[in-house]
Amino acid sequence: MIYAANFKTNHTRQSTREYLGRLQPQLIKKHPNDKVYIFPPLTALDDYTSADFTIGAQNAYPVKNGAFTGEVGIEQLAEFNIKTILIGHSERRDILGESQEEVAKKFAFFKEQGFEIIYCIGESLEIREQGIEAVMEHLISQFEGIDTTYENFVVAYEPIWAIGTGRTASVEEITQTHNALKKVVDKPLLYGGSVKGANIAEISAIENVDGVLVGGASLKTETFLELVLH
Ligand code: PGA
């Protein structure tokens, strides 16, 4: 299993350091094959070298450096040995207005740099209500321009209506969607959307769920550890 914590715009440099300080000694109890990723805000990046977890960037601009006010490129990530990135999160697509074309451009750039990419896809409630065929059509459209054969690539299925809402997709919905996705892209497949201590056992038991991407429940070390050590 992969356990990925997405802090979004939460935590500071100091609280991230404290969080990781509490997390690290507990990770000795995790299953040796399980992998833990933490995506703190960009200002909290540092060179946290650990065999027990990987730090990634929630976002970056697809350049080495240059005149892109407000963005960071790989030169800034390299200072902290960051080689993992989230691309395509629905908050970036919907709130920050990233088009599929821009997302695909980012993917191609970070692939070229050999980054490990956690690539997010997900449908709105309106599409979910139209049924699985509409859902799959939408999800497949989010692979447009993406080299799905890239070896360093993990997919995260996150229904938008389940993110931060406390409303998790049902076991049936996750099973059906993950089974269909695995036929399209044979890569590790995470589920994200209101994952927490109360539902991790049933979600992680689903056959084609290879891990979870967690927002709210990852913000406290204790609640994230409930997932990792469940
Ligand atoms: P959530 O967020 O766990 O708070 O629903 C998941 C995500 O956006 O990655």
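So, a few notes on the structure that sits alongside this text. (Residues numbered from 1 in each chain as written. Predicted model: local features only at pLDDT ≥ 70, side-chain atom pairs only at ≥ 80, totals over all residues. Heavy atoms only, no water.)

Topic: the overall build of the chain
- Helix and strand content of the chain: 9 helices and 8 strands.
- On C-alpha atoms alone, the chain measures out to a radius of gyration of 17 Å, which is about the 17 Å that the 2.2 N^0.38 rule sets for 230 residues.
- Expressed as lengths along the three principal axes of its C-alpha atoms, the size of the chain is roughly 45 × 40 × 30 Å.
- A fraction of 71% describes how many contacts in the chain between residues 6 or more apart in sequence connect residues 24 or more apart.
- Carbon and sulfur atoms form 50% of the exposed surface of the chain, whose accessible area is close to 10800 Å².
- One finds the centroid of the 21 positive side-chain charges in the chain at a distance of 5 Å from the centroid of its 32 negative side-chain charges. (Helix = DSSP H or I, 4+ residues; strand = E, 2+ residues; numbered from the N terminus. Rg over C-alpha atoms; globule rule 2.2 N^0.38 Å. Contact = heavy atoms within 4.5 Å. Areas by Shrake-Rupley, 256 points an atom, 1.4 Å probe, with all protein chains shown as cover. Lys, Arg positive; Asp, Glu negative; His and termini not counted. Charge placed at Lys NZ, Arg CZ, Asp CG, Glu CD.)

Some details on the site of the ligand
- As a structural note, the neighbourhood of the ligand is formed by 13 residues, with Lys-8, His-89, Glu-158, Gly-164 and Ser-194 the closest of them.
- At 2.7 Å, a side-chain N or O of Lys-8 approaches an oxygen atom of the ligand.
- For the ligand, the accessible surface in isolation is 290 Å², of which the surrounding protein chains cover 95%.
- When the residues that make up the shell around the ligand are grouped by side-chain class, the tally is 4 nonpolar, 7 polar and 2 charged. (Near = heavy atom within 4 Å. Polar contact = N/O pair within 3.5 Å; in protein donor to acceptor, adjacent residues only side chain to side chain. Nonpolar A, V, L, I, M, F, W, Y, C, P; charged D, E, K, R; others polar.)

Quick notes on the layout of surface pockets
- By volume, the largest pocket amounts to about 340 Å³.
- As for the largest pocket, its lining consists of 13 residues, and the residues nearest its centre are Lys-8, Thr-9, Gln-58, Arg-92 and Leu-96.
- Of the residues assigned to the lining of the largest pocket, the class counts are 5 nonpolar, 5 polar and 3 charged.
- Space inside the second largest pocket adds up to approximately 270 Å³.
- Lining the second largest pocket we find 13 residues, and of these Tyr-61, Pro-62, Glu-98, Glu-102 and Lys-106 sit closest to its centre.
- It is helix α4 (residues 100-112) that contributes the most residues to the lining of the second largest pocket, 4 residues altogether. (1 Å grid on protein atoms, 1.4 Å probe; cavity = no way out; pocket = protein on both sides within 12 Å on 5 of 7 lines; lining within 4 Å. Points joined across faces, edges and corners; volume = space filled by probe spheres on them.)

A word on the packing of helix α1 (residues 13-26) against helix α9 (residues 221-228)
- Taken N-terminus to C-terminus, the directions of α1 and α9 make an angle of 30 degrees; their axes are 10 Å apart at the nearest point. With respect to their mutual orientation, α1 and α9 come out roughly parallel. Taken as a pair, α1 and α9 cross one another with a handedness that is right-handed. For the pair α1 and α9, contact is made by Tyr-19, Arg-22, Leu-23 and Gln-26 and by Thr-221, Glu-222, Phe-224 and Leu-225, respectively.
- Its residues placed into classes, the contact of α1 with α9 shows 4 nonpolar, 2 polar and 2 charged. (Axes fitted to C-alpha atoms, helices over the stretch in contact; angles between N-to-C directions. Parallel < 35°, antiparallel > 145°, perpendicular 65-115°, else oblique. Left-handed = near helix turned anticlockwise from the far one by under 90°.)

Section: the sheet that holds strand β6 (residues 153-157)
- Strand order in this open sheet of 8 strands is β3-β2-β1-β8-β7-β6-β5-β4, and the pairing throughout is parallel. Either end of the sheet is taken by a strand with one partner, and the two such strands are β3 (54-55) and β4 (84-87).
- Relative to strand β8 (residues 211-214), strand β1 (residues 2-6) runs parallel, the two being bridged by 4 bridges. If you follow Ala-4 over to β8, its bridge partner there is Leu-213.
- Here α4 sits on the sheet in contact with β4, β5 (116-121) and β6, set at roughly 165 degrees to β5.
- Relative to the sheet, α9 contacts β1, β2 (35-39) and β8, its axis offset from that of β1 by approximately 160 degrees. (Pairing = 2+ DSSP bridges.)

So, unusual backbone geometry
- Even without glycine at this site, Lys-8 takes up a positive phi of about 55 degrees.
- Among the structural elements, Lys-8 can be located in the loop between β1 and α1.

A look at the pattern of salt bridges
- Scanning the model with the defined rule gives 11 salt bridges in all.
- Across the pair Lys-64 and Glu-75 runs a salt bridge, and its minimum N-O distance is 3.7 Å. Of the two residues, Lys-64 is situated in the loop between β3 and α2 (74-78) and Glu-75 in helix α2; the sequence distance between them amounts to 11 residues.
- A salt bridge links Glu-98 to Lys-106, with the shortest nitrogen-to-oxygen separation between them at 2.7 Å. Residues Glu-98 and Lys-106 agree in their burial class; the two are buried.
- Overlapping salt bridges, with partners in common, bring together Arg-13, Arg-17 and Asp-46 in one network. (Salt bridge = Lys/Arg side-chain N within 4 Å of Asp/Glu carboxyl O. Buried < 20%, exposed > 50% of the residue type's maximum accessible area, 1.4 Å probe, protein only.)

Such coordinate-based values are descriptive only and should not be taken to indicate function.
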